[in-house]
Amino acid sequence: MKRRVLLVDDVALNRKLANALMSRLGWQTLEADGGIAAMELLRSNQPVDLILLDISMPDLSGEEVCKQLRSDPAYAGLKIVAYTAHAGQDDVERFLANGFDAALIKPINSQRLSEVVADLFPSGA
Amino acid sequence: MKASQYFEHMGIRTKLIVIFVAIKVIPLVLLAWYAWQAVQGLSEDVSSRAMQMAEAMRTTQQQTGKTANDDAVRALDERSREAIESLTTNVARQVADFLYDRDKDILRAALLEPAEATYRRFLSGHNRELFGHGPYLLAADGKSWVPAETFKDDNPVRPPLNDNAKDFHTRPPENYGIKSLTPLFLEMTYVDTSGLEKVKVQQGDLLKPGLRDVARRENTFIRAEDYWPALKKLKPGEIYVSEVIGPYVPTHWIGPYTKARAEELKRPFNPEASGYAGLENPVGKRFRGIVRWATPVEKGGRVAGYVTLALDHAHLMAFSNKIRPTPDRFAPIADPASGNYAFIWDHKSRSISHPRDYFIVGYDPESGQPAAPWMDTELWANWKASAKPWHEFQATEPAFQDQSLKRKPAPESGKSGSVALDCRYLNFSPQCHGWDALTEHGGSGSFAIFFSGLWKLTTAAAIPYYTGQYGASKRGFGYVTIGANVDDFHKAATDSGKRIDAMIATADSKLKIEREGLQATIAEGLGRTAFGLSVSTLVMIVLVIVIAIWMANVLTKRITVMSGGIRRFQDGDLSLRLEAQGQDEMAELAKSFNQMASAVQDSFGRLEDARHSAEEANRMKSEFLANMSHELRTPLNGILGFAELLEMELEDPAQREYAQAIRTSGDHLLALVTAILDLAKIEAGRMDFDLTTLDLPALLTEVVGLQKGHAQAKNLALELLTDKLPDVVFGDRMRLRQVLLNLINNALKFTTHGSVTVRASRVDDRVRIEVQDSGIGIKLVDQQLIFEKFRQSESSITRNHQGSGLGLTLAKELVEHMGGEIGVISTPGAGSTFYVLLPVGRSTQSDEKLKGQQA
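First things first, this report covers the structure right here in the doc. (Residues numbered from 1 in each chain as written. Chains lettered and ligands numbered in written order. Predicted model: local features only at pLDDT ≥ 70, side-chain atom pairs only at ≥ 80, totals over all residues. Heavy atoms only, no water.)

Attention now moves to the overall build of chain B. Scanning chain B from N- to C-terminus turns up 21 helices and 21 strands. For chain B, contacts bridging at least 24 residues in sequence account for 67% of all contacts bridging at least 6. (Helix = DSSP H or I, 4+ residues; strand = E, 2+ residues; numbered from the N terminus. Contact = heavy atoms within 4.5 Å.)

This is the structure in structure tokens:
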């Protein structure tokens, strides 16, 4: 069974790029166009292994989503990776401190993405 | 710390207190000390004056007493001396008169018919009253002799009238003793011209009866008379007088002869066998002697013979042995122990009348020669050494030889029983020589001598009798001496002196008590003064200190308030203003402070506003930069991501190359954006540096490893050489990594063949990291410019080599922010060497920069 990744970004192009790259890595993809949508989707008992989560979103920020998920034991095994254009070193450190498992700084490339995923899921897809 | 330094470190309040206390307390203490000194000085003065007065009074009293006493003593002594000298002279005169009477007797006798009857009649007509004492008995206690019968005077005489009562003084009849009419002469003889006695009439039993040839000495009285040769030379009317001649009465005892003393000395008690000694031994043997007068008897105009008269020596004795130079005047018996007695000495200074009969010079009846006198040790030894009879030894021995009280009687001399006093040889009695001198020219006099433990006045008067041999010197017959205890003369004065001394002592002790009282009063007063002075001084000192503290408080309160206010202002209470009461300097100071505070507060307000504005602007700038980055990265994500997808999915190589071109351009743009944003961040001071010690060898290995692929792709050698490298340097690992990657990347980028070498070594306290290439090199003019923004050594190269143009600028900024230094050494065409110097330890520069960024 394929692993499932939820791609959350308010920009459709970014979702599409991530979808293409993750699909190429053999993942089953789900998409959400905002934080609220992402939370609804997760609560609708869609099983997800990984979230690529944009930070700057108009309705609910990625950081807030991460915070809610990390406060819920039901999502203890869920891997959350920041998928953001916030490139500051301090930003990355903040994310990692607040429950993100890794950070992918936009612009991304396939090599960096596959490294991060391989780090989080060593057994492969 | 020195006193002055202490003072400098004091607060104003303490200084004020110290100064005030100093200027008040020191004079106070000095004043108290001065007052104390003055009072003490006064009391000492009073005390010492009182002492001096008392001392002066005492001295005066003593001197007065002493003077009076001395005068009295001297007056009494002089009177006594005069009285005694007078007595002595009188006695001497009486003796002389008596002797001259005997001259008359002999001359009258020469006119008589030399016949026994005539002579007997003559003798019986020449008698003289002598006084003797009755029998004495040893007292019951054996210590003294007492008269067998005591004479009592029971007829007290009282003044008949009041007018006689003052100083009424009466004496009982003089007690000379028992009176007896005694013949003057013991013998009367008529001697013919051949020396044969023709007529002899005797009285008493002293002289032997029978007519003898007196020309021969052995036929004379105790073989001692030698008048015959003298008689033959006499012309009618001339008189011969012999010396005193009698057998010496020896003694085995000198001094009081009592039974008690005999027992004490363990000697037989036989006073009768010893010489008579007045009250010392009233039962002893008496000295009996004669003085012979002779004168030629004329018959028909020629000397037919000589008549002689032998005077009983007892009559001479009578002149001296009853005299006492005391108020008693006379005594029936002499008391030799008292020291107050009279002696008679002949013209040769030999004792011829003495209360102790054994002291009278006499003759040895066997030899007819003088008995040996009492001698001192030296004379005795000399005499014994000479082995001569005394008279022969004496003939060559000088008289009065070194007489001194220091000489002592020879014990053997005393024991010999022959102790006659021949003053010429009595060398342990220096008064002998004195008497000799006093009477040498016929006069009289006295001197005092310390003898037998008493000061004695001794007087001597020549006996002015110059008949016969006695006319040879002015001394005449000899001399009378009377001694007396000096102390007895002035007993009254001494007694009054003692009374005066006692009075003075009483006055003195009273004065002493008064003086002690005065001193005690002064001491008490002093004590009170000292106490009062101390207490009042202490009270005043305490008062002064209290006032000093109070004044200092008043004076410094406003300063304290002011400095407290200033401190509060310093601590941030900028709205604080001081109270500015009054018109004095303190008020001026407060006003000035308030003005300054207002100005400072205004400035602070403006500064605060400016800071707020600057911070706001900075915040907005940061926000803008962050937003810029975010907004630029978002489209780049799409461009680069889809370009990569295209590149991966396109099958036509030409199309794939186009897609690759898009991605390369996007990458370039991303690099440019990143560099611009980093630079902007640095310039805005918003780049954070995580400065720690980092593992340099590991970092170098990592960055060189990262660029291996790039080097291999260009067929270039990439080497890492390290030398004596410290394990750690100080810096931000990520930024240093960025800088080194940039430098190696540039080196590889601008090198077409050859090699790139990375070297690292320690230079002093810094680490030098070099990146050397064998590339195109950089012109000297460009070597500084390449670190400036948007500069490259050659614009054409930029296009060929895909540089942002901002890499070195950023590297320079980063290195400098880590406290390091960056530079280049290059030869165009031969290659370039970029170097970075970083501190091994934490540099102060980076410290300061860090602080600056954090603020």
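Residue and element names in this part refer to chain B. Under the criterion given, the structure shown has 47 salt bridges over all chains. A salt bridge links arginine 74 to aspartate 71, with the shortest nitrogen-to-oxygen separation between them at 3.3 Å. With arginine 74 and aspartate 71 both in helix 2 (residues 12-110) and three residues apart, this pair spans about one turn of that helix. Here arginine 74 falls in the partly exposed class, since its relative accessible area comes to 45%. Among the residues examined, aspartate 71 registers a relative accessible area of 40% and is labelled partly exposed. A salt bridge links arginine 407 to aspartate 402; the shortest N-O distance between them is 3.8 Å. When salt bridges with common partners are traced through the structure, they connect Glu187, Glu197, Lys200, Glu225 and Arg292 into a single cluster. (Salt bridge = Lys/Arg side-chain N within 4 Å of Asp/Glu carboxyl O. Buried < 20%, exposed > 50% of the residue type's maximum accessible area, 1.4 Å probe, protein only.)

Moving on, we get to helix 14 (residues 653-683) of chain B. Residue and element names in this part refer to chain B. In this model, helix 14 (31 residues) spans 44 Å end to end at C-alpha, consistent with the 45 Å of a helix rising 1.5 Å per residue. Residues Ala659, Gly666, Leu670, Val673, Ala675, Leu677, Asp678, Leu679, Ala680 and Ile682 constitute the buried set of helix 14. Buried residues belonging to helix 14 abut helix 13 (585-649), helix 17 (733-749) and helix 20 (807-817). Its side-chain oxygen placed 3.1 Å from the backbone nitrogen of alanine 654, aspartate 652 serves as the N-cap of helix 14. (Expected span 1.5 Å × (residues − 1). Polar contact = N/O pair within 3.5 Å; in protein donor to acceptor, adjacent residues only side chain to side chain.)

Cis geometry is found at the peptide bond from Lys106(A) to Pro107(A), where omega equals -5 degrees. Here Pro107(A) shows up in the loop between strand 5 (102-105) and helix 5 (110-120). A positive phi angle, close to 45 degrees, is found at Phe400(B), a residue other than glycine. Position of Phe400(B) relative to the elements: it lies in the loop between helix 8 (390-396) and helix 9 (411-415). Since its relative accessible area comes to 13%, Phe400(B) is described here as buried. Its identity is not glycine, yet Asp402(B) carries a phi of approximately 45 degrees, on the positive side. For Asp402(B), the position within the fold is in the loop between helix 8 and helix 9. Residue class for Asp402(B) comes out exposed when judged on its relative accessible area of 55%.

Glancing now at the state of the cysteines. Residues and elements named next belong to chain B. Per the stated rule, a full pass over the model turns up one disulfide over all chains. Across a sulfur-sulfur distance of 1.9 Å, cysteine 423 and cysteine 432 are joined as a disulfide pair. The chirality of the disulfide connecting cysteine 423 with cysteine 432 is left-handed, given an S-S dihedral of about -75 degrees. Each member of the pair, cysteine 423 together with cysteine 432, is buried. (Disulfide = S-S within 2.5 Å.)

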